[in-house]
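Spelled out from the first residue to the last, the chains are:
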Amino acid sequence: EVQLVESGGGLVQPGGSLRLSCAASGFNFSSYTMSWVRQAPGKGLEWVSSINSGGGTTIYVDSVKGRFTISGDNAKNTLYLQMNSLKPEDTAVYYCATLYLTWNWGQGTHVTVSS
């Protein structure tokens, strides 16, 4: 059974930083592209970033380029999202996701950027 468990969210002031984690199990983590997706209050899902199975390729939505960094630790089966220079518009529930047989999602972690 695939399990994705996000953590690391919280309340942060504008300009602050957070690091999200996603602990993965039930599949060969190092062999699959992993992604972060977010949903702001009252809005639809927005893809944020992905990292390929080898970790050599990362892509980002324009709104987070230069501020967010996706990475993975194959030894720990964990995906990360380092978020710097946070803005109020980054407020959302953040999910990690992977396409293994079907789309798999975690339960999400809440990020609130507010003064």
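Below you will find a few notes about this structure. Only a predicted model underlies this, so the values are computations on that prediction, with no experimental measurement involved.

When helices and strands are counted, the protein chain shows 0 helices and 11 strands. Taking 13 Å as the expected radius of gyration for a compact globule of 115 residues, we find that the protein chain reaches 13 Å, a close match to that expectation. Taken along its principal axes, the extent of the C-alpha atoms in the protein chain is 40 × 25 × 20 Å. With 115 residues in all, the protein chain has 43% of them scored as buried. Restricting to contacts in the protein chain with at least 6 residues of sequence separation, those with at least 24 account for 51%. Roughly 5,900 Å² of accessible area belongs to the protein chain as shown, and the carbon and sulfur atoms make up 49% of that amount.

Within the open sheet, the 4 strands sit side by side as 1-3-8-7. Their pairing is antiparallel. Every other strand in the sheet has two partners, leaving strand 1 (3–7) and strand 7 (68–73) as the edge strands with one partner each. Neighbouring strand axes in the sheet, compared pairwise and without regard to direction, differ in orientation by 15° on average. Across 6 bridges, strand 7 lies against strand 8 (residues 78–83) in antiparallel orientation.

Attention now goes to the state of the cysteines. Considering all chains together, one arrives at 1 disulfide under this definition. Disulfide pairing is shown between cysteine 22 and cysteine 96; the S-S distance is 1.9 Å. Between cysteine 22 and cysteine 96, the S-S dihedral sits near 50°, and the bridge is therefore right-handed. Here cysteine 22 is found in strand 3 (residues 18–25), whereas its partner cysteine 96 is found in strand 9 (residues 92–100), with 74 residues between them in sequence.

Note that soluble globular proteins tend to have their nonpolar side chains buried in a common cluster. Within the largest apolar cluster, 28 residues are counted, with the highest numbers of intra-cluster contacts made by Leu4, Trp36, Phe68, Leu79, Leu81, Met83 and Tyr94. Broken down by secondary-structure element, the contributors of at least two residues to this core are strand 3, strand 4 (34–39), strand 5 (45–51), strand 7, strand 8, strand 9 and strand 11 (109–113). Per-element tally for this core: the top contributor is strand 3, with 4 residues. Discounting chain neighbours no more than four positions away, the residues touching leucine 81 are Leu18, Arg19, Leu20, Trp36, Val48, Phe68, Thr69, Ile70 and Tyr94.

This next bit is on the packing of aromatic side chains. Across all of its chains, the model carries 5 aromatic pairs by this definition. Ring geometry for tyrosine 95 against tryptophan 105: centres 6.3 Å apart, planes inclined by 85°, an arrangement best described as edge-to-face. In this pair, tyrosine 95 sits in strand 9 while tryptophan 105 sits in strand 10 (residues 102–105), placing the two residues 10 residues apart along the sequence. Using a relative accessible area of 41% as the deciding quantity, one classes tryptophan 105 as partly exposed. Within the aromatic cluster, the residues linked to one another by ring pairs are Phe27, Tyr32 and Tyr100.

Side-chain pairs of opposite charge can arise whenever the charged atoms involved come near each other. The full count for this structure, using the stated rule, is 4 salt bridges. One network of salt bridges, in which partners are shared, links Arg38, Glu46, Arg67 and Asp90.

Another point: the side chain of serine 50. Mapped onto the secondary structure, serine 50 falls in strand 5. Residue class for serine 50 comes out buried when judged on its relative accessible area of 10%. Within polar-contact distance, the side chain of serine 50 engages the side chain of serine 35 at 2.6 Å. Ignoring any residue separated from it by four or fewer positions in sequence, one finds serine 50 in contact with Thr33, Met34, Ser35, Thr57, Thr58, Ile59 and Ile70.

Rules used in this analysis
Residues numbered from 1 in each chain as written. Predicted model: local features only at pLDDT ≥ 70, side-chain atom pairs only at ≥ 80, totals over all residues. Heavy atoms only, no water. Helix = DSSP H or I, 4+ residues; strand = E, 2+ residues; numbered from the N terminus. Rg over C-alpha atoms; globule rule 2.2 N^0.38 Å. Buried < 20%, exposed > 50% of the residue type's maximum accessible area, 1.4 Å probe, protein only. Contact = heavy atoms within 4.5 Å. Areas by Shrake-Rupley, 256 points an atom, 1.4 Å probe, with all protein chains shown as cover. Pairing = 2+ DSSP bridges. Axes fitted to C-alpha atoms, helices over the stretch in contact; angles between N-to-C directions. Disulfide = S-S within 2.5 Å. Core = buried A, V, L, I, M, F, W, Y, C linked by side-chain atoms within 4.5 Å. Phe/Tyr/Trp six-rings, centres within 6.5 Å; stacked < 30°, edge-to-face > 60°. Salt bridge = Lys/Arg side-chain N within 4 Å of Asp/Glu carboxyl O. Polar contact = N/O pair within 3.5 Å; in protein donor to acceptor, adjacent residues only side chain to side chain.

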